[in-house]
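So the chains spell out like this:
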Amino acid sequence: MTWSRIYKGIKARLPLSMQFLIEMLNYWKRLRRYNACINTDRDQQKMQYTLLRENHIIEKGMSMRNTRRGFGQAKVTALIERLRKYNRLYGGKDNTFLVYPLSTIKEYIAYQHRDGVEIPEIERAFRVLCEEAGIEEASLKMPAGIEMLRADYLQEQAKGDYHSLLYSRHSIRYFKEELPSKEILEKALTLASRTPSACNRQAWHTHIYFGEDSHELLRMQDGCKGFCDDIHCSIVVTADMKGFLGHEPFQCFVDGGLYAQNLINALHYEGLGAIPLSCGFMSDKLLAMQKHFGIPENEVMVVIIGTGVMQDEMKIALSTRRPVATTNIYH
Ligand SMILES: Cc1cc2nc3c(=O)[nH]c(=O)nc-3n(C[C@H](O)[C@H](O)[C@H](O)COP(=O)(O)O)c2cc1C
């Protein structure tokens, strides 16, 4: 009998509460190794993911309703510095990764110019980075930054085929003051209830907040700095831990996540704008939010969906996707 079988045999005889502790310990071991905050720049993938995040912060800054004149200069300067470091460490292996963030910075510079803001030092640092990476500035044609889109165009596209539904859905960060009706919200919830779930348990729940309650929830969430007060309806998607058995301690996040994505698409289909907002926080913060907003402790918060009636025209972040070849492996 192998050690692994002996270990599994002993583990199976332990009370479930002990097995959960072992499970948490195993997860902790993987967190220590693979979390992006630990030894970030010693790992090319961790560096790429964190750079994509920093790149998105610039893009998202441009997509808000009211941007502060000259916003984001410290962040762009820091991003350029880290991109130079990436190029020194990993550019030889994969410098095509740099094309997207460089395209975003190019758009950021153009955005500031349109706003009449001069940023010569950032422009200089950007040119140096392009030179070091051997990438011609003129060749940076990847869609990046923001685009202006009309609500009527998005609504028409959402009612098209599946392709046009998915390609016309974008995260929208500001809405009209007018609230979406309960009727339309319930139409979207009904559509989303078609989501498959493990053994059809449908352990998802939604908690909907309007007006000042929505703003306060988003202030606590803290991932919408600069646009909390522009989202007047928030839907918290949760999953009920009571729905899952001993062998599936994390299944609630899977079923809740699948439901949340369908709800986002359904809101878009029904003509509303929407944005997923993170609940990926430590449990003390989440439990404090749950207590404050009347969400029972047996539910886990999966994601908050900000939604609302779209403005006639909106700025959206392009959020270019990575090529499938970098995310798929055929085995
Ligand atoms: C789980 C999740 C959490 C997110 N959290 C935030 C957030 O806290 N703040 C924010 O502005 N955008 C947030 N987003 C939106 C992403 O930035 C956005 O989905 C991504 O850039 C892709 O753009 P798209 O939704 O327009 O296609 C989140 C998205 C997901 C899926």
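What follows concerns the overall build of the chain. Assigned secondary structure in the chain consists of twelve helices and six strands. The dimensions of the chain, computed from C-alpha atoms along their principal axes, are 65 × 55 × 40 Å. Relative to its 331 residues, the chain shows a buried fraction of 43%. When contacts within the chain are restricted to residue pairs at least 6 apart in sequence, long-range pairs at least 24 apart make up 79% of them. Here the chain displays about 19100 Å² of accessible surface, and carbon together with sulfur accounts for 55% of that area. When the 43 positive and 39 negative side-chain charges of the chain are each reduced to one mean point, those points stand 9 Å apart.

Attention now moves to the domain arrangement of the chain. According to the domain assignment, the chain consists of domain 1 (40–144) and domain 2 (148–315). Placing the centre of domain 1 and that of domain 2 at their C-alpha centroids yields a distance of 30 Å. Between domain 1 and domain 2, the residue contacts involve eight residues of the former and eight residues of the latter. Between domain 1 and domain 2, a total of about 730 Å² is buried, with carbon and sulfur atoms accounting for 47% of that surface. For domain 1, the biggest contributors to the area lost against domain 2 are Ser63, Met64 and Arg65; these three give 71% of the whole. On the surface where domain 1 and domain 2 come into contact, there are one salt bridge. A salt bridge links Asp230 to Arg65; the shortest N-O distance between them is 2.6 Å. Counting across the domain 1 and domain 2 interface gives six residue pairs in polar contact (both at pLDDT 80 or more). It is helix 3 (residues 44–62) that provides the largest number of residues to the side of domain 1 that touches domain 2, a total of three residues. Taken together, the residues that form the side of domain 1 that touches domain 2 break down as three nonpolar, three polar and two charged.

As a matter of local geometry, the ligand sits amid 15 residues, with His56, Arg169, Ser171, Gly223 and Arg321 nearest to it. Between the ligand and Ser171 there is a distance of 2.6 Å, counted from an oxygen atom to a side-chain nitrogen or oxygen. Residue contributions to the shell around the ligand peak at four residues, all from strand 4 (residues 273–278). Of the residues assigned to the shell around the ligand, the class counts are four nonpolar, seven polar and four charged.

Moving on to the side chain of Ser164. Relative to the elements of secondary structure, Ser164 occurs in helix 8 (residues 162–168). Within the structure, Ser164 has its side chain in polar contact with the backbone oxygen of Gln157 (distance 2.7 Å).

With that settled, consider the packing of aromatic side chains. Going through the model one piece at a time under the given rule, you end up with seven aromatic pairs. Aromatic side chains Tyr209 and Phe293 sit 5.5 Å apart centroid to centroid with 80° between the ring planes, which places their arrangement in the edge-to-face category. With Tyr209 in strand 2 (residues 204–210) and Phe293 in the loop between helix 12 (283–292) and strand 5 (299–308), the pair connects residues that are 84 residues apart, well separated along the chain. No difference in accessibility class separates Tyr209 from Phe293, as the two residues are buried. Of the aromatic side chains, those joined through ring pairs into one cluster are Phe71, Tyr108 and Tyr111.

Another point: the pattern of salt bridges. Should their charged atoms come close, side chains of opposite charge can pair. Enumeration over the complete set of coordinates arrives at twelve salt bridges. Linking Lys85 and Asp41 is a salt bridge whose minimum nitrogen-to-oxygen distance equals 2.9 Å. Residue Lys85 is located in helix 4 (residues 73–90), and its partner Asp41 is located in the loop between helix 2 (16–34) and helix 3; the two are separated by 44 residues in the primary sequence. For Lys85, a relative accessible area of 32% puts it in the partly exposed group. In this structure Asp41 comes out as buried when scored by relative accessible area, which is 17%. Among the salt bridges present, the one from Arg84 reaches Glu132, with a minimum N-O distance of 2.6 Å. Of this pair, Arg84 sits in helix 4 while Glu132 sits in helix 6 (residues 120–133), and the two are 48 residues apart along the sequence.

Bringing the side chain of Asp240 into the picture now. Relative to the helices and strands, Asp240 resides in strand 3 (residues 233–240). No salt bridge is formed by the buried Asp240. Its closest oppositely charged neighbour is Lys242, at 5.8 Å.

Pairing within the open sheet is antiparallel, and its four strands lie in the order 2-3-5-4. Strand pairing shows two members of the sheet lacking a second neighbour, strand 2 and strand 4, which therefore form its edges. The mean inter-strand angle of the sheet, taken between neighbouring strand axes irrespective of direction, is 25°. Helix 9 (residues 182–192) contacts strand 2, strand 3 and strand 5 of the sheet and is inclined by roughly 160° relative to strand 2. Of the strands in this sheet, strand 2, strand 3, strand 4 and strand 5 are in contact with helix 11 (residues 251–269), which crosses strand 5 at around 10°.

Turning next to the packing of helix 10 (residues 211–221) against helix 12. The interhelical angle for the contact between helix 10 and helix 12, taken along N-to-C directions, is 165°, at an axis separation of 11 Å. In this view, helix 10 runs roughly antiparallel relative to helix 12, as classed from their interaxial angle. Note that helix 10 runs across helix 12; the crossing there is right-handed. The segment helix 10 lies against helix 12, with Glu216, Leu217, Met220 and Gln221 engaging Lys285, Ala288, Met289 and His292. Looking at the contact of helix 10 with helix 12 residue by residue, the classes come out as four nonpolar, two polar and two charged.

What counts and how
For every chain, the first residue of the written sequence is number 1, and numbering continues from 1 onward in sequence order. Given that the model is predicted, a residue must reach a pLDDT of at least 70 before its local features are reported, and side-chain atom pairs must reach 80 or more before they are shown or counted; all residues, however, enter totals for whole chains, interfaces and linings. The basis for every side-chain value is the complete set of non-hydrogen atoms in the structure, without hydrogens or water. Numbering of helices and strands runs from the N terminus; a helix is a DSSP stretch of H or I covering at least four residues, while a strand is a stretch of E covering at least two. Burial here depends on accessible area, computed with a 1.4 Å probe over protein chains only, as a share of the maximum for the residue type. Under 20% is buried, over 50% is exposed, and the range in between is partly exposed. Should any heavy atoms of two residues lie within 4.5 Å, those residues are counted as being in contact. Here the Shrake-Rupley method, with its probe set to 1.4 Å, supplies the accessible areas, and only the displayed protein chains count as covering residues. Counting rule applied: Lys, Arg positive; Asp, Glu negative; His and chain ends not counted. A charged residue contributes its charge at one atom only: NZ of Lys, CZ of Arg, CG of Asp or CD of Glu. In this document the domain limits rely on a domain assignment from an automatic tool or a database. What counts as buried area is the accessible surface, traced by a 1.4 Å probe, that two parts surrender upon association, with contributions from both included. By salt bridge we mean one thing: a side-chain nitrogen of Lys or Arg within 4 Å of a carboxyl oxygen of Asp or Glu. Whenever a nitrogen or oxygen atom comes within 3.5 Å of another N or O atom, the pair is scored as a polar contact, on the condition that within protein one atom can donate a hydrogen and the other can accept it, and that pairs from neighbouring residues in sequence are kept only if both atoms are in side chains. Under the scheme applied, nonpolar residues are Ala, Val, Leu, Ile, Met, Phe, Trp, Tyr, Cys and Pro; charged residues are Asp, Glu, Lys and Arg; polar residues are all the others, including Gly. Distances are taken per atom, and a residue is near a molecule or strand as soon as one of its heavy atoms is within 4 Å of it. The pairing test for Phe, Tyr and Trp rings, Trp by its six-membered ring, is centres within 6.5 Å, and the orientation test on the planes gives stacked under 30 degrees, edge-to-face over 60, and tilted for anything in between. Two strands qualify as a pair provided that DSSP identifies no fewer than 2 bridges between them. Structural elements are reduced to axes, namely lines fitted to C-alpha atoms, with helices fitted over the stretch in contact, and the angle between N-to-C directions of any two is expressed from 0 to 180 degrees. Roughly parallel covers angles under 35 degrees, roughly antiparallel covers those over 145, roughly perpendicular covers 65 to 115, and oblique covers all other angles. Note: crossing handedness is left-handed where the near helix turns anticlockwise from the far helix by less than a right angle, and right-handed where it turns clockwise.

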